[in-house]
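# Residue-level structural notes
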Amino acid sequence: MKALKIISILAAASMLTVLSACGSSDNSAEESISSTESSENTAESSQTEDNDTSENSDAETEEPQKSEDNYGEISKELMTALNDIDNLGGGNFSYDPSDSFKSEDGQTEYALVTDERFSVKEDIEKYMENNLTAGLIAERYSGLLDRYAEKDNKLYGDTAAKGSGFAWTGAEPVISDVTEKSFTVDAEYDNYGEVSVMEIKIVSENGTWKIDSFSAQ
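Attention here is on the structure that accompanies the text.

Criteria and cut-off values
Residues numbered from 1 in each chain as written. Predicted model: local features only at pLDDT ≥ 70, side-chain atom pairs only at ≥ 80, totals over all residues. Heavy atoms only, no water. Helix = DSSP H or I, 4+ residues; strand = E, 2+ residues; numbered from the N terminus. Buried < 20%, exposed > 50% of the residue type's maximum accessible area, 1.4 Å probe, protein only. Contact = heavy atoms within 4.5 Å. Pairing = 2+ DSSP bridges. Axes fitted to C-alpha atoms, helices over the stretch in contact; angles between N-to-C directions. Polar contact = N/O pair within 3.5 Å; in protein donor to acceptor, adjacent residues only side chain to side chain. Salt bridge = Lys/Arg side-chain N within 4 Å of Asp/Glu carboxyl O. Core = buried A, V, L, I, M, F, W, Y, C linked by side-chain atoms within 4.5 Å. Arc of directions from axis to C-beta.

Across its full length, the protein holds four helices and eight strands. Reading the helices (α) and strands (β) of the protein from amino to carboxyl end gives α-α-β-β-α-α-β-β-β-β-β-β. For the protein, the proportion of its 217 residues judged to be buried stands at 28%. Looking at the protein alone, contacts between residues at least 24 apart form 56% of all its contacts between residues at least 6 apart.

Printed below as a string of structure tokens:
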């Protein structure tokens, strides 16, 4: 009888071991499946984020489309600069007559320039270079800086005025011949009481729009 009881106990123990092993195997399988699903979800999430990042990057790098309104504003700014530069070359600038001196030969009178944009000759030079191409400066305004002198860390200009500047009428400039690197402007101006048209060629020089030439029509 004792032998039978021992055998029964051993059999029961063996059965419990088998059941325990099976349970452990099932849990491991479930954990493995869960881990696989988690990895797949992580991969899908990562792919989605990559796509979103790529789309956002494309949107950020896309260049804005230029419109005629952009060209119109650019034209007006450059027309204003052209008028300023032409006046600087013609002695028609703001100055203080109480602060003046004559050249050594006594032929030229210089007065203090009061336009705060220009305190040295280099300021005028940069203003021209920022708005006109090198070719136009050389062709029309090569001697402009000769009309100015620096004294006591101040800028003085030749006050002998001559005809200069452009009396733009304020009419909207007409834009044509638009390319990525250039466009043409027809601008109205007062030509001694008559309305005339100035054709202005504007080009992109090192990424900056500048006037390359102009002529009356």
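Still more to cover.
Once that is clear, we can look at the pairing of strand E8 (residues 208-216). Direction of pairing for strand E7 (residues 194-205) relative to E8: antiparallel, over a ladder of eight bridges. Bridging from a neighbouring strand, Ser 204 pairs with Trp 209 of E8. In sequence, E7 turns back onto E8 through a hairpin of two residues, with Asn 206 there showing a positive phi of about 55°.

All right, on to the sheet that holds E7 then. As summarised here, the arrangement of the four strands in space is E5-E6-E7-E8, forming an open sheet in which the pairing is antiparallel. Pairing within the sheet leaves two strands with one partner each, and these edge strands are strand E5 (174-176) and E8. Ignoring which end each strand starts from, the neighbouring axes of this sheet average 30° apart.

Once that is clear, we can look at the environment of Asp 115. Of note, Asp 115 is situated in the loop between strand E2 (109-113) and helix H3 (121-131). Taking the C-alpha atoms as reference points, Asp 115 and Ser 94, separated by 21 residues in sequence, lie 6.0 Å from one another. For Asp 115, the side chain forms a polar contact with the side chain of Arg 117, separated by 2.9 Å.

Further remarks concern the pattern of salt bridges. Once their charged atoms are close, side chains differing in charge can pair, the charge on each being opposite to the other. Taken as a whole, this structure holds ten salt bridges when the rule is applied. Salt-bridge contacts for Glu 172 lead to Lys 76; the nearest nitrogen and oxygen are separated by 2.8 Å. Of the two residues, Glu 172 is situated in the loop between strand E4 (154-158) and E5 and Lys 76 in helix H2 (residues 68-89); the sequence distance between them amounts to 96 residues. A residue is classified by how much of its surface remains accessible, and Glu 172, at 55% relative accessible area, is exposed. Exposure remark for Lys 76: the relative accessible area of 31% places this residue in the partly exposed category.

As a further point, take the nonpolar core. Counting 34 residues, the largest nonpolar core has Tyr 141, Leu 144, Ile 200, Ile 211 and Phe 214 as the members making the most contacts within it. For this core, the secondary structure elements donating two or more residues are H2, H3, helix H4 (134-140), strand E6 (182-191), E7 and E8. In terms of residue count, H2 provides more of this core than any other element does, eight residues in total. Setting aside chain neighbours within four positions, we find Ile 200 in contact with Met 79, Trp 168, Phe 183, Thr 184, Val 185, Ala 187, Ile 211, Ser 213 and Phe 214.

We now examine H3. Within H3, burial applies to Ile 124, Tyr 127, Met 128 and Asn 131. Across the axial projection of H3, the buried residues extend over an arc of 95°, all falling on one side.

We now examine the sheet that holds E4. Pairing within the open sheet is antiparallel, and its four strands lie in the order E1-E2-E4-E3. A strand with exactly one partner marks an edge of an open sheet, and here the two such strands are strand E1 (95-102) and strand E3 (148-151). Ignoring which end each strand starts from, the neighbouring axes of this sheet average 40° apart. With three bridges connecting them, E2 and E4 associate as antiparallel partners.

Glancing now at the environment of Ala 149. Topologically, Ala 149 is positioned in strand E3. Given a relative accessible area of 18%, Ala 149 falls into the buried group. The spatial distance from the C-alpha of Ala 149 to the C-alpha of Ser 103 is 9.6 Å, given a sequence separation of 46 residues. Not counting the four nearest positions on each side in its chain, Ala 149 is found in contact with Phe 101, Tyr 110, Lys 154, Leu 155 and Tyr 156.

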